[in-house]
Amino acid sequence: MADNSQDFDPIEPGSLTPEEGEQRIAMVAIVGRPNVGKSTLLNRILGQKVSITSRKPQTTRHRIMGIHTEGDCQLLFVDTPGLHSEEKRAINRYMNRAASSSIGDVEMVMFVVDGMNWTADDELVLNKVKKGSGSRKTVLVINKIDQIKEKDVLLPYLQELQKKFAFDAIVPVSAKSGDRVPQLLELAKNASYEGAHFFPEEYVTDRSSRFMAAEIIREKLIRYTGDELPYSVTVEIERFALMDNGVYQINGLILVERSGQKKMIIGNKGEKIKTIGREARLDMERLFDNKVFLEMWVKVKSGWADDERALRSLGYGED
Ligand SMILES: Nc1nc2c(ncn2[C@@H]2O[C@H](COP(=O)(O)OP(=O)(O)OP(=O)(O)O)[C@@H](O)[C@H]2O)c(=O)[nH]1
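Residues numbered from 1 in each chain as written. Predicted model: local features only at pLDDT ≥ 70, side-chain atom pairs only at ≥ 80, totals over all residues. Heavy atoms only, no water.

An unreviewed UniProt entry annotates the protein chain as GTPase Era originating from Paraferrimonas sedimenticola. According to the UniProt record, the Subunit (unreviewed entry) comment for the protein chain reads "Monomer." Of the protein chain, the UniProt comment under Sequence similarities (unreviewed entry) reads exactly: "Belongs to the TRAFAC class TrmE-Era-EngA-EngB-Septin-like GTPase superfamily. Era GTPase family." (UniProt positions renumbered as here; feature names shortened; annotations may be inferred.)

Novice: Hey, could you run me through the pattern of salt bridges in this one?
Specialist: A side chain with one charge can pair with a side chain of the opposite charge if their charged atoms come near. According to the stated counting rule, one finds 12 salt bridges in the structure shown. Across the pair Lys-144 and Asp-114 runs a salt bridge, and its minimum N-O distance is 3.5 Å. With Lys-144 in the loop between strand E5 (137-143) and helix H4 (154-164) and Asp-114 in strand E4 (residues 108-114), this pair connects stretches of sequence that are 30 residues apart. With its nearest N and O atoms 3.0 Å apart, the salt bridge here joins Lys-189 to Glu-186. Residue Lys-189 and its partner Glu-186 are both found in helix H5 (residues 181-190); the two are separated by 3 residues, about one turn of the helix. For Lys-189, a relative accessible area of 19% puts it in the buried group. Assessed through its relative accessible area of 41%, Glu-186 is described here as partly exposed. (Salt bridge = Lys/Arg side-chain N within 4 Å of Asp/Glu carboxyl O. Helix = DSSP H or I, 4+ residues; strand = E, 2+ residues; numbered from the N terminus. Buried < 20%, exposed > 50% of the residue type's maximum accessible area, 1.4 Å probe, protein only.)

Novice: I'm lost on the packing of aromatic side chains in this one. Help?
Specialist: One pair of aromatic rings is described through two measures. These are the centre distance and the angle between the planes. Tallied over the entire structure, the rule returns 4 aromatic pairs. The interplanar angle of 70° and the centroid separation of 5.9 Å between the aromatic rings of Phe-111 and Trp-118 together place this pair among those described as edge-to-face. Members of the aromatic cluster, each reached through a chain of ring pairs, are Phe-111, Trp-118, Phe-165 and Phe-167. (Phe/Tyr/Trp six-rings, centres within 6.5 Å; stacked < 30°, edge-to-face > 60°.)

Written out as structure tokens, the structure is:
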């Protein structure tokens, strides 16, 4: 069969041209140190997996906008990479910049912390949240309350936190189970103002399908290679095409820092990469609602995480 396929994007990212009508909108930044559950919360709010999650901190590397439209109200959520104090490597500097800049022009900041584990990094995030808070609402989200067995310790803890900053609300939630997440949504809706929607109502993210495909592969890599693989692994989608037979052909290039990491990803007789490929393909088929043919390659690109120029060539630093 002739291959007349062209690269394309089944979910074109929306342009920022507002639609007409009597509508309301609000921008909400989700901030917090790594691993507190920001991505899990965003996925829960959207009812769809748009942001990858893992037990390893700093899984989220890019800014992803999650879009939730309910009736006349459109909420735009910016999920940010975890803010943290380690600034040595170029990739970490980039992540901190991306996280800080999203707090700027928003109607509400959701500052997420992990249960009752308040750390120095939370204090650092709080200082950024305090800066220029002005008219925007600030909600402290105490996540992972499903892990707090003795609930009576929670109230005095919340009172302690209220002394740190005049939060507009403190909401204990479980992003995992969804407990009290609707209350958060109500608060966000209350912060909306009259303004035209930026995206059609069926959109859940501003990111392209190519981007989502790369993120899905990255999530599976992290999941199936355990703790040995550093977060410096990166994925490029070299081809995203609709074939004559209606299948999406997706080619993913996995870039690692060392040949040992390449071996780790490929696994014994290619078993590991087969599992990663199968799991990634299934997630992509769910997200794109279409059959997917996924091919992946692993290549060693040494030292890229320390090289700002290499980062830019891979698309970091543009958003
Ligand atoms: N028990 C419990 N675990 C949660 C909850 N929310 C998130 N987690 C877990 O916490 C870990 C980190 O969650 P993520 O959503 O990736 O955290 P993040 O803040 O986006 O992390 P970064 O990408 O590092 O900024 C994962 O293992 C989640 O399953 C929750 O409400 N309860």
